[in-house]
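In case you want the letters, here they are:
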Amino acid sequence: MAVIHHTTLKPTKLELLTSWLPSRPWYRGGAGEPQLAKAGGFRLDDPEGEVGMEFVVVADTGGAGPAAYLVPLTYRGAPLDGADHALVGTMEHGVLGRRWVYDGCHDPVLVAQLLALVEGRAQAQDQDVSDVPARDVTRSFTGDGPAPAPADFTAADRREDTELSAARHGVTLRLCRLLEPGADSTAPLPAGTTGHVGGCWDLPDGTRARGLFATLHTTAGA
């Protein structure tokens, strides 16, 4: 299990995201600077123990109106080859030193572990406490599996999500970016869904919302 260090980060995650979010096609805040607060999320463990992985939910009360975004991040001790386009920024960690922070949709380690979570081969972990499962994260899988290798997926940002497509396998993984309260494990999932991850986050008024974080889709006969 990954060890969570309660230490200093310069810049902080929210500071990095404040600069990065407006560059995303799914950001809805307009030209104004985001006003971000941590609203939820969970972690995944790297079986090799090298890459930190966190699914961060941030609430934005600036811009056009309140919104919640899902931002999967990976934290690495050295640059990821070929992923300059996915670099969110660098930070100085009080224990681990310099960390390169990436949009996890473009990091094969996170893609592999997210697929493992959907299929029930990995456990979501608490965002703030070491070795504690994230109890409010739900998942399901009705496909045949196993999923294609991470290298077979191509990531593309869209208006409300990031689509990871393994076209020759007929498999698509969609990461919800602009979160909407609604469907979870107790509600009907979108048509054609063969797996999902759902979770909770805090709304600006202090109440809790639940909704989809990711959905897996498989084309029949692929």
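Calculation rules
- Residue numbers run consecutively from 1 along every chain, following the written order of its sequence.
- Since the coordinates come from a predicted model, pLDDT governs what is reported: local features require at least 70, and pairs of side-chain atoms require 80 or more to be given and counted, while whole-chain, interface and lining totals use all residues.
- Excluding hydrogens and water, the side-chain values take into account all heavy atoms of the structure.
- A run of H or I in DSSP counts as a helix once it spans at least four residues, and a run of E counts as a strand once it spans at least two, with each numbered from the N terminus.
- Every radius of gyration here is taken over C-alpha atoms, with the globule rule written as 2.2 Å times N^0.38, N being the number of residues.
- Burial classes follow relative accessibility: with a 1.4 Å probe on protein chains only, a residue under 20% of its type's maximum area counts as buried, one over 50% as exposed, and anything between as partly exposed.
- Residue contacts are counted whenever heavy atoms from the two residues lie within 4.5 Å of one another.
- Charge counting follows a simple rule: Lys and Arg are positive, Asp and Glu are negative, and His as well as the terminal groups are ignored.
- The atom standing in for a charge is NZ when the residue is Lys, CZ when it is Arg, CG when it is Asp and CD when it is Glu.
- Any two strands between which DSSP finds at least two bridges are classified as paired.
- Angles here are taken between N-to-C directions and fall from 0 to 180 degrees, while the axes themselves are lines fitted to C-alpha atoms, restricted in helices to the stretch in contact.
- Basic side-chain nitrogens of Lys or Arg form a salt bridge, by our definition, when they fall within 4 Å of a carboxyl oxygen of Asp or Glu.
- Each polar contact in these results corresponds to two N or O atoms within 3.5 Å; when the atoms are within protein, one needs to be able to donate a hydrogen and the other to accept it, and residues that are neighboring in sequence are counted only if both atoms are side-chain atoms.
- Each residue carries a pLDDT value, the predictor's own confidence for that position, ranging from 0 to 100.

### So, the overall build of the chain
- The number of helices and strands found in the chain is two helices and twelve strands.
- In terms of overall dimensions, the chain is globule-like: its C-alpha atoms have a radius of gyration of 17 Å, near the 17 Å expected for 222 residues.
- Seen through its principal axes, the chain has C-alpha atoms that stretch 50 × 40 × 35 Å.
- Counting every position in the chain, which comprises 222 residues, the buried fraction comes to 48%.
- Considering only intrachain contacts with a sequence separation of at least 6, the fraction spanning at least 24 residues in the chain is 56%.
- Between the mean site of the 19 positive side-chain charges and the mean site of the 28 negative ones, the chain shows a separation of 1 Å.

### Notes on the sheet that holds strand S6 (residues 97-103)
- Read from one edge to the other, the open sheet built from six strands follows the order S1-S5-S6-S4-S3-S2, with strand pairing classed as antiparallel. Each having just a single partner strand, strand S1 (9-10) and strand S2 (36-44) make up the two edges of the open sheet.
- Across two bridges, S1 lies against strand S5 (residues 87-93) in antiparallel orientation. Within S5, the position partnered with Leu9 by the bridge is His93.
- Set on the sheet, helix H2 (residues 108-119) makes contact with S2, strand S3 (52-60) and strand S4 (67-76); between it and S3 the angle comes to about 85°.

### Details of the side chain of Asp60
- By the element assignment, Asp60 lies in strand S3.
- Look at Asp60: it is buried, it has no salt bridge, and the nearest opposite charge is Arg28 at 11 Å.
- Side-chain polar atoms of Asp60 contact the side chain of Tyr27, separated by 3.2 Å.
- At 2.9 Å, the side chain of Asp60 and the backbone nitrogen of Gln35 are in polar contact.

### Some details on the confidence of the model for the chain
- For the chain, the average pLDDT comes to 90, and 94% of its residues sit at 70 or higher.
- Model confidence for the chain, summarised as mean pLDDT per element, is weakest for S1 at 84 and strongest for H2 at 97.

### So, the pairing of strand S8 (residues 154-157)
- Here S8 pairs with strand S9 (residues 161-166) via four bridges, running antiparallel. Its bridge partner lying in S9, Ala156 is registered against Glu163.
- Adjacent in sequence and paired antiparallel, S8 and S9 are bridged by three residues.

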